[in-house]
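Fold and contact review
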Amino acid sequence: MQPGVVGLRGALIAAWEDDLRAVRQDGFDMGRGREALVFMQRFYGLISDLRAPIQRAWGPGGHVHVVDSPDLGGPGPRVSQSRIRLRNHSDLVAVELFSYVDGEPQPNPAAGLDREIRVAEIGTLAFVTELYRTAVDFLQVALNLDLQLGGSAWLYEHAAANYFVTTGKWASVGEAYRRASREFAVADSFESVVSALEAKAESATHGPNGANGSGFDSVEMQLSIEELHRFLEPHPDLENFVHLIQVAVAADQEDRRVLSAEIGQSLGLDSLAITKLGRLLAMAPDVARDADFAPDLSEWSFLPSYNVHFFRRAHTIDDFLVVEGTLVPRAAVEGTTTTSPGTAFKLEEGSLLPDGIVTFLMTDVVESTPMWIQSRASMYQAMRRHDQLLTSAIEANGGIVLKERGEGDSFFAVFPRATDAVIAAVEAQVAVQSEEWPDHLSFSVRMAVLTGEADAADRDYRSPAVNRCAKLRRRAVGSQILVSETTYSIVADILRDDIRLVSVGKRRLEGHDRPEEIYIVQHAEAKLEAEVAEDTVLA
């Protein structure tokens, strides 16, 4: 979740909680007898108040507002092709979404926002809930993002996040519920909150010991780093954690332990901040191993994880989460591996990564940086879809996705059979080229397939064949699949008839003196580039 989106989410939460606090204190005025008018005024006022965080969510020079009226949204263009209109229907408020087509607003009921809201003769809590649910639904459609504010769990998670920030400890489910319900009006019973948050409880397997869910009062509600990242208050602690990661990367090169005293001195941290870093560290096995924690976590030390080198380019918590999502979870059952951020699949029981002669597929999104600058929200959506398409093609052909290899927009997969790797690459290119990408992004992927000898170690491959495949990928351009001469020698006579391998002659790979024959893949359903640049001739 990008900083601008976190800021917008935080501003929306602050307004929402202010109104929930007013309801709790019987101070919220919903305008008895004119509820529909007050609902509309409050909604448009809320959108107006969010003008600045909306603009920050889209970057300097970005869009400013999400309604047509300059009085509400301020000067500047609309944020999207969507706008919302509320109309007073006596006791009801009618919500309509419009999308601009050829410069004219057209009704868009397909977006699912159109509805009628009864605002008379309802409680103030229901009034506030409808108000903010309408705002969240609209902003998510208009801005093309997910604010992670579905349901009511965010309120208790926010209480738990604030408890962590102020105490350095994880709140129990009971403590989080008590803090929220004492300050804000809530509609949830404790039992319903337990049901929703039970999965977060470390000792939930023990079950409740008393009636009405009271046994969960002391169950610890531990938030993940990603969940903490969604709230503004923990961000200073997450920034300290990113600094700690960078120290761990440097310590890995020096083969030494990282000490809490060292971190505290370099950042000028007090004991509470050190304790919070220790708790974050305990949730990051890909950063630390052989960790030694004091009982109260006021002191700790650790050796950098074997995987810590993957975070050498992690300068923000977003970077950390993206890379972490591509790594094999160290706490996972033996035989599992990741396919894309947030997803995992299970290998056959007892199976291992293939050793010996294997085939590697490496991919990379071409010119992705300008697209990230053009539209961060759209690129997050596009990259999730990219990961799904490539993972599907690779898995369907017997391949295993290992992790990103050097860049955040790349894939690294291994296949026991060379023919399967080539077919997977073709099917992935067809899928990418057939997809309708958001905001008309020009999405192209370069790929390389190489067969060589390699042994799997620690769920990874380190061999000259891996390096050669990465360098072959570097020779490729967008919408192109390059195949090595070793792969060609295996598949030339047994590949499907609809896939052709065409030689482009000999080329040198970076760092290698011996040129090798390189082949490009051709297929009727994919527009694949057929040219490979000649070697640079040095005088």
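Relevant structure appears above.
Here's what I pulled together on the structure shown here. For clarity, every value in this text was computed on a predicted model and none was experimentally measured. (Residues numbered from 1 in each chain as written. Predicted model: local features only at pLDDT ≥ 70, side-chain atom pairs only at ≥ 80, totals over all residues. Heavy atoms only, no water.)

Take helix α5 (residues 124–143) next. For α5, with 20 residues, the first-to-last C-alpha span of 28 Å sits near the 28 Å given by 1.5 Å per residue. Within the sequence span of α5, burial applies to Leu125, Phe127, Val128, Leu131, Tyr132, Thr134, Ala135, Val136, Phe138, Leu139, Ala142 and Leu143. Once α5 ends, the next one or two residues include Asn144, with phi positive near 55 degrees. (Helix = DSSP H or I, 4+ residues; strand = E, 2+ residues; numbered from the N terminus. Expected span 1.5 Å × (residues − 1). Buried < 20%, exposed > 50% of the residue type's maximum accessible area, 1.4 Å probe, protein only.)

On to the nonpolar core, then. For soluble globular proteins, the rule of thumb is that nonpolar side chains tend to be buried together. Counting 97 residues, the largest nonpolar core has Phe241 and Phe320 as its most contacted members. The element that contributes the greatest number of residues to this core is α5, accounting for eleven residues. Among residues more than four places away in sequence, those in contact with Phe320 are Ile225, Phe241, Ile245, Ala284, Val287, Phe311 and Ala314. Counting 40 residues, the second largest nonpolar core, distinct from the first, contains Ala418, Val422, Tyr519 and Leu528. (Core = buried A, V, L, I, M, F, W, Y, C linked by side-chain atoms within 4.5 Å. Contact = heavy atoms within 4.5 Å.)

Further remarks concern unusual backbone geometry. The phi torsion at Asp26 lies on the positive side, around 55 degrees, for a residue other than glycine. With respect to the helices, strands and loops of the structure, Asp26 is situated in the loop between α1 (3–24) and α2 (35–49). For Asp26, a relative accessible area of 74% translates into the label exposed. The phi dihedral of Leu297 falls on the positive side, at around 65 degrees, and the residue is not glycine. Taking the relative accessible area as the measure of exposure, Leu297 reaches 12% and is therefore buried.

The relative placement of two packed helices comes down to the angle between their axes together with the axis-to-axis distance. Contact geometry of helix α10 (residues 235–254) with helix α12 (residues 271–282) gives a least axis separation of 10 Å together with a crossing angle of 65 degrees. When the axes of α10 and α12 are compared, the pair comes out roughly perpendicular. Crossing geometry of α10 relative to α12 is assigned as right-handed. Here α10 contributes Asp237, Leu238, Asn240, Phe241 and Leu244 to the contact with α12, which in turn contributes Lys276, Leu277, Leu280 and Leu281. Its residues placed into classes, the contact of α10 with α12 shows six nonpolar, one polar and two charged. (Axes fitted to C-alpha atoms, helices over the stretch in contact; angles between N-to-C directions. Parallel < 35°, antiparallel > 145°, perpendicular 65-115°, else oblique. Left-handed = near helix turned anticlockwise from the far one by under 90°. Nonpolar A, V, L, I, M, F, W, Y, C, P; charged D, E, K, R; others polar.)

A few words on the side chain of Ser260. Within the fold, Ser260 resides in helix α11 (residues 260–267). Of the residues examined, Ser260 reaches a relative accessible area of 9% and is grouped as buried. With residues near it in sequence (within four places) discarded, Ser260 still touches Ile274, Ser298, Glu299 and Trp300.

Turning next to the packing of α10 against α11. It is the contact of α10 with α11, at a shortest axis distance of 11 Å, that shows an interaxial angle of 120 degrees. One element, α10, and the other, α11, form an angle in the oblique class. When the axes of α10 and α11 are compared, the crossing they make is right-handed. Residue-level inspection shows Asn240, His243, Leu244 and Val247 of α10 in contact with α11, the latter providing Glu262, Ile263, Ser266 and Leu267. Considering only residue class, the contact of α10 with α11 consists of four nonpolar, three polar and one charged.

Okay, the pattern of salt bridges next. On inspection of all chains with the given rule, the structure shows 21 salt bridges. Among the salt bridges present, the one from Arg496 reaches Glu427, with a minimum N-O distance of 3.9 Å. Linking Arg496 in the loop between α18 (485–491) and β17 (499–507) with Glu427 in helix α16 (residues 418–434), this pair joins segments that are 69 residues apart in sequence. When its relative accessible area of 31% is taken as the criterion, Glu427 is described as partly exposed. (Salt bridge = Lys/Arg side-chain N within 4 Å of Asp/Glu carboxyl O.)

The values are spatial; any link to function lies outside them.
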